[in-house]
Amino acid sequence: LDKSDKLPFARARRLSIFCNMRNCPALLACLLGRAFAGPVMPTFVFPEDSDEYFGPNTQALKSSLEVAIDEGCLASWPMSKPTEIAIVFRHDSVIPPSADFFIQYQMEQIAAASAESGVAGFRGFDFNSQYHSKLRSALQVWEWSPHQLKFLKNNVPGLDSKKVAYAPLWSSVEAHPIETCADLMEEPECRDVDAVDVLFFGAMSDSRRKLCNLVDDITNEVRLDGRAASHQCVSGVFGRALQCKICKAAVIYSTHSREGAVLEVHRINPLLSLGKAIISAKSSDPLLDSSYEGAVKFTTSENIPREIKRLLVNSTVRFQLEWKSFVMAAKLKAEAQQHMCHALTSLASIARDALPQGDSSQEFSSYQYFERRMTASNASNASNASNVLSPTPTPTPTPVPTPTPLPTTVPTPTPTPSPMPSPT
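Residues numbered from 1 in each chain as written. Predicted model: local features only at pLDDT ≥ 70, side-chain atom pairs only at ≥ 80, totals over all residues. Heavy atoms only, no water.

**Student:** Explain the sheet that holds strand β11 (residues 277-281) here, please?
**Tutor:** Where strands meet in a sheet, backbone hydrogen bonds hold them as pairs that are either parallel or antiparallel. Spatially, 5 strands are ordered β9-β6-β10-β11-β12 in an open sheet, and the strand pairing comes out parallel. With one partner strand each, in any of the chains shown, β9 (231-234) and β12 (296-299) form the two edges of the open sheet. Neighbouring strand axes in the sheet, compared pairwise and without regard to direction, differ in orientation by 20° on average. In the sheet, strand β10 (residues 251-254) pairs with β11 via 4 bridges, with the strands oriented parallel. Paired with V251 across the strands is A277, a residue of β11. Packing of helix α9 (residues 239-248) onto the sheet brings it into contact with β6 (198-201), β9 and β10, and relative to β6 it is tilted by some 145°. (Pairing = 2+ DSSP bridges. Helix = DSSP H or I, 4+ residues; strand = E, 2+ residues; numbered from the N terminus. Axes fitted to C-alpha atoms, helices over the stretch in contact; angles between N-to-C directions. Contact = heavy atoms within 4.5 Å.)

Next up, the structure:
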C-alpha cells in the first residue's frame with residue numbers, strides 16, 4: 001500500500017483482481033476500508049497534567065472534552081490521518097515535539113496593568129512578545145474571561161479572532177484525584193500542618209503584603225474559644241501541603257496582584273468544589289464576577305478585613321456560604337459543557353478551512369512551521385506520555401449535531417458541609 005493516505009477505489013478494484021477471495025479476504029477488506037476511510041479524531045495531550053498549579057483545571061478540562069466528544073461536538077473533524085493536539089495553560093509552556101498543533105488555554109492577566117517589578121511569573125502582556133507570537137501560532141485560543149475575550153479579539157495584532165473561543169473553567173473533586181478535606185485531614189502528614197482560621201495563598205506583591213498586615217490586625221481582635229483568631233499568608237506552597245492548609249482554614253480570601261485584573265478563577269474553582277468560604281476583591285470583569293455572585297463574597301480590597309471578621313464571628317453565615325460553594329461548583333460544571341461543545345465545533349471548522357479545497361485527506365495547509373513547533377524557554381513542563389486523551393475514531397462521518405445546551409437546573413450536591421474544626 002506504500003503507506004498512502006487514501007487508496008482510490010479504482011486501484012483497490014485492480015488489486016482485488018489478483019487476490020484470491022478465499023485466501024486473502026482480510027487484505028481486500030483493508031483495501032476497501034482505506035478507500036472509504038472516515039475522519040480520524042485527533043489525540044489531545046496535556047503537558048501540565050501533573051502541574052501543581054494547573055493540575056486540577058487540567059483534570060476538569062479532560063472530563064469536559066470526553067463528554068463533548070461523546071456528544072458528537074467534534075464529529076465534523078475533517079482529517080483522515082492521525083493528528084496530535086497539545087493543550088497548554090502556561091504562557092511559557094513547552095509544546096511537545098510530537099504535537100502537530102496546540103491550543104493555548106489563555107490564563108494570564110493580559111488586559112491588566114503590568115505587575116510590580118520583582119513579582120514572580122507573568123509580568124505583563126506588553127513585555128512578552130514571545131507570548132504574542134505563541135497566541136498567533138496556536139490552532140485555537142481558549143479564554144475564560146469575557147472581558148479578556150474581547151481584549152484578545154481586538155488588541156492582538158495578527159491574531160485571527162475566529163480562532164478565539166470562550167471556554168470557562170470549572171473544577172470538581174469528582175473530576176480529579178484531589179481528596180476531600182475529610183479524607184485529607186485524616187492523613188498523618190496533614191495532621192502536622194498548622195491550622196489557621198484565615199488563609200491567603202499566592203505570589204506576594206506590595207498591595208497584597210499591606211492587605212495581609214491589615215488582616216493580621218483584625219484577626220487579633222477576634223476571639224474564638226478564648227484565643228485570638230489565627231491568620232497566615234503563604235507564597236510558594238503547592239500540592240498537598242497547601243491543600244492541608246486550605247482544608248483547615250475557615251475563611252480564604254483573594255485579592256489581585258495588579259490593577260485591572262480579572263477574577264482568579266483557576267484558584268477559586270477548586271476552593272468552591274471543596275466547599276470553602278471565600279472572600280474576593282471585585283475584578284475588572286463584572287460579567288465574570290456576577291456568575292460567581294452568592295458563592296463568593298465580593299467586596300473592595302479595603303473592606304476584606306471587615307468581611308473576614310464578620311464570617312469568623314457568625315458561623316451561620318459562614319456555613320451558608322460554604323454550602324453555596326458546593327452548589328456553584330456543580331453549576332459551573334454544567335454551564336461550561338455547552339461552551340466546550342461550541343469550542344470543539346469551531347475547532348473542526350478551523351481545521352476544515354485550513355485544508356486544501358476539495359481534499360480532506362491531505363495535511364493541514366502550512367501554519368508557520370517554526371511557530372507551530374515553537375517551544376518556550378521553560379522546559380519544566382515537558383510532555384508526559386501518559387497525559388493523553390485519545391477519542392475512539394469514528395469509522396463513518398456523521399452530520400454535525402446542533403449542540404444542545406445542558407439544563408441549567410443545578411443538581412443537588414450530596415455532601416453536606418460541616419463546620420471546620422477549630423485550630424488547636
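**Student:** Quick question: what am I supposed to make of the packing of helix α8 (residues 206-221) against helix α12 (residues 304-313) here?
**Tutor:** Axes are the key here: two packed helices are described by the angle between their axes and the distance separating the axes. At a minimum axis distance of 9 Å, the contact between α8 and α12 shows a crossing angle of 35°. Here α8 and α12 pass one another in a crossing that is right-handed. On α12, the residues touching L211, L214, V215, I218, T219 and E221 of α8 are I304, P305, I308, K309 and L312. Looking at side-chain class alone, the contact of α8 with α12 contains 8 nonpolar, 1 polar and 2 charged residues. (Left-handed = near helix turned anticlockwise from the far one by under 90°. Nonpolar A, V, L, I, M, F, W, Y, C, P; charged D, E, K, R; others polar.)

**Student:** Help me understand the environment of A60, please; the structure alone is not making it clear to me.
**Tutor:** Following the sequence through the fold, A60 ends up in helix α3 (residues 55-70). The exposure class of A60 is buried, given its relative accessible area of 1%. A sequence separation of 210 residues divides A60 from P270, and the C-alpha atoms of the two residues are 10.0 Å apart. (Buried < 20%, exposed > 50% of the residue type's maximum accessible area, 1.4 Å probe, protein only.)

**Student:** Mind showing me how you'd approach α8 here?
**Tutor:** With 16 residues, α8 should cover 22 Å at 1.5 Å per step; its first-to-last C-alpha distance of 24 Å lies within 8% of that length. Of all the positions in α8, only R208, L211, C212, V215, I218 and T219 are classed as buried. Summarising the axial view, the buried residues of α8 lie within an arc of 125°, below the 170-degree limit, and thus occupy one face. Exposed side of α8, more than 90 degrees from the buried face: K210 and E221 are the residues found there. Along its buried surface, α8 packs onto β6, β8 (227-228), β9, β10, α10 (265-273) and α12. (Expected span 1.5 Å × (residues − 1). Arc of directions from axis to C-beta.)

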